[in-house]
Amino acid sequence: MTDLDLLISGGRVLDPSRAIDLFADLAIRDGRVVEIASRIERARAARVVDATGALVTPGLVDLHTHVLGGVLDSCADPDDVGIRSGVTTVVDAGSAGAGTIGAFANWIIPNRRTRVIPFLHIATTGFATNPEITAESDVDFKLVERSLTQYEGLIGGLKVRMVNPALRILGIEMLRRSVEIAHAAGLPVMVHIGDVHGEGPADLGARTLELLGPGDIVTHLFTPHPGGILDGRRRVIPEAFAAAERGIRFDAAHGRGNFSFDVAREVFDQGIRIDAISTDMTAAGRRDVVYTMTEVMSRYLGLGFDLAEVIALSTSGPADAARRDDVGSLTIGGTADVSILDVVTGSWEAVDSVGQTLRLDRLILPRTTVRAGELIAPGPGPHARGWLPDSFEPG
């Protein structure tokens, strides 16, 4: 007699949050993880997935995406970058503002299988325009407060971008006010650092960090642009170390314009550590530079991280930053969000946001995703050959 809906058999179960790293079977019933053991009888399961040679991890969590696809042309579809790419939970980093957040509540979330946690942009229309803030009237903090009340339980936090022209118009006060509102609601602020326009005061990074409190999130930590955490001598500013000490979360957020391999190395060499790997995925990023969460994860293998670190930074790390205790771990009795991943060897060349290259000899690929106990096959992949980019051929 079968008492299990699904059995994932023979994989390497790797959950750093629970110090699990062993070859084992994982059993699912009614959409929940019910057992992890060295061997579980296959006859007990209505369906068996053979995970031999694969990694079995908590469902991947992408802390920074833009997934208001179908509403905004610049945004990706959450299921394309989520469950069909090995990711079970995505945080939308401010695609919607108070005037457009209803699109998540009424259309996106009810009609997608990927779990979506939207952060609310302080600009009323979010990323419906670019730049999103061109006048004082583009931000209405009373509307922000109203939205946090109206959509309590849906909105995961506030999003603020410390870039121009918003900085010229509203100044650092826009962040101070946002922090007050978010903290009063018991939510974090996610702050974009790095101005691709190359503007802003020299001490912008320091002033930004000083305003943040425990649990707030700094995204684009490895930006090569002004407003980041490196000073003019390429030294990490003291305020970054102080921020880490008081519990500010650091998110890498690759993106198409705010990630440098060289900055990442410099920051790591000086003792700063990140809490989350994320993509800053957009519709264009899916086709260029960023591609997928698993490909961004692979770049950290190329930067010298071990596999367990990369998995932690893609599961429990972003889950903690998003203040969600229902994702990022293979907890017995918890929702059965599982990523089954392959790690393949070869030779590839990755490119960052400023054209720097990094050689990769391992690549993480999605094999199968399980979302609340439901099996989902990967999508077609972002490259001409599917999930594998072209091999690197030395010249």
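Going by the structure above, here's the rest.
How each quantity is defined
- Residues numbered from 1 in each chain as written.
- Predicted model: local features only at pLDDT ≥ 70, side-chain atom pairs only at ≥ 80, totals over all residues.
- Heavy atoms only, no water.
- Phe/Tyr/Trp six-rings, centres within 6.5 Å; stacked < 30°, edge-to-face > 60°.
- Helix = DSSP H or I, 4+ residues; strand = E, 2+ residues; numbered from the N terminus.
- Buried < 20%, exposed > 50% of the residue type's maximum accessible area, 1.4 Å probe, protein only.
- Lys NZ or Arg CZ within 6 Å of the ring centre and 35° of its normal.
- Pairing = 2+ DSSP bridges.
- Right-handed = clockwise from strand over helix to strand, strands pointing away.
- Polar contact = N/O pair within 3.5 Å; in protein donor to acceptor, adjacent residues only side chain to side chain.
- Contact = heavy atoms within 4.5 Å.

K.L.:
An account of the packing of aromatic side chains is needed here, citing residue identities and associated values.
P.N.:
Applying the stated rule across the entire model yields six aromatic pairs. With a centroid separation of 5.7 Å and 85° between ring planes, the pair formed by Phe-222 and Phe-259 is classed as edge-to-face. Of this pair, Phe-222 sits in the loop between strand S11 (217–219) and helix H7 (238–245) while Phe-259 sits in the loop between strand S12 (249–251) and helix H8 (261–269), and the two are 37 residues apart along the sequence. The pair Phe-222 / Phe-259 is uniform in exposure class, with both members buried. Taken together through their ring pairs, the aromatic side chains of Phe-222, Phe-259, Phe-261, Phe-268, Tyr-300 and Phe-305 make up a single cluster. Above the plane of the ring of Trp-107 lies Arg-112, whose end atom (NZ or CZ) is 5.0 Å from the centre.

K.L.:
Go over the pairing of strand S9 (residues 157–161) with me, naming the residues and quoting the values.
P.N.:
Summarising burial for S9: five of the five residues are buried, a large majority. For strand S8 (residues 115–121) and S9, the ladder comprises three bridges, and the chain directions are parallel. The residue bridging His-121 from the neighbouring strand is Lys-159, located in S9. Viewed along the sheet, the connection from S8 through helix H3 (residues 141–150) into S9 turns out right-handed. Bridging between S9 and strand S10 (residues 189–192) involves four bridges; their strand directions are parallel. What sits directly across from Val-160, in S10, is Val-191.

K.L.:
Run through the side chain of His-383, naming residues and quoting values.
P.N.:
With respect to the helices, strands and loops of the structure, His-383 is situated in the segment after strand S15 (374–376). Within the structure, the side chain of His-383 is placed 2.8 Å from the side chain of Glu-295, a separation counted as a polar contact. Those residues in contact with His-383, other than ones at most four positions away along the chain, are Tyr-291, Glu-295, Leu-388 and Pro-389.

K.L.:
Describe the pairing of S8, with residues and values.
P.N.:
Moving residue by residue along a regular strand, the side chains alternate between the two faces of the sheet. Most of S8 is tucked away, with seven of its seven residues classed as buried. Because side chains alternate across S8, one face comprises the buried residues Arg-115, Ile-117, Phe-119 and His-121, and the other comprises Val-116, Pro-118 and Leu-120, equally buried. Two strands pair when backbone bridges link them, and strand S7 (residues 87–96) and S8 are joined in this way by six bridges, in the parallel orientation. The residue bridging Asp-92 from the neighbouring strand is Pro-118, located in S8. Viewed along the sheet, the connection from S7 through helix H2 (residues 102–108) into S8 turns out right-handed.

K.L.:
Could you give an account of unusual backbone geometry, with specific residues and numbers?
P.N.:
The omega angle of the peptide bond from Asn-130 to Pro-131 is 5°, so this bond is cis rather than trans. Turning to its location among the elements, Pro-131 is positioned in the loop between S8 and H3. In this chain, Asn-164 is followed by Pro-165 through a cis amide linkage whose omega measures 5°. Backbone geometry at Ala-253 places phi at a positive 45°, although glycine is not the residue there. Along the chain, Ala-253 falls in the loop between S12 and H8. A relative accessible area of 0% means that Ala-253 is categorised as buried. Positive phi values are uncommon outside glycine, yet Ala-372 reaches one of about 55°. By the element assignment, Ala-372 lies in the loop between strand S14 (357–371) and S15.

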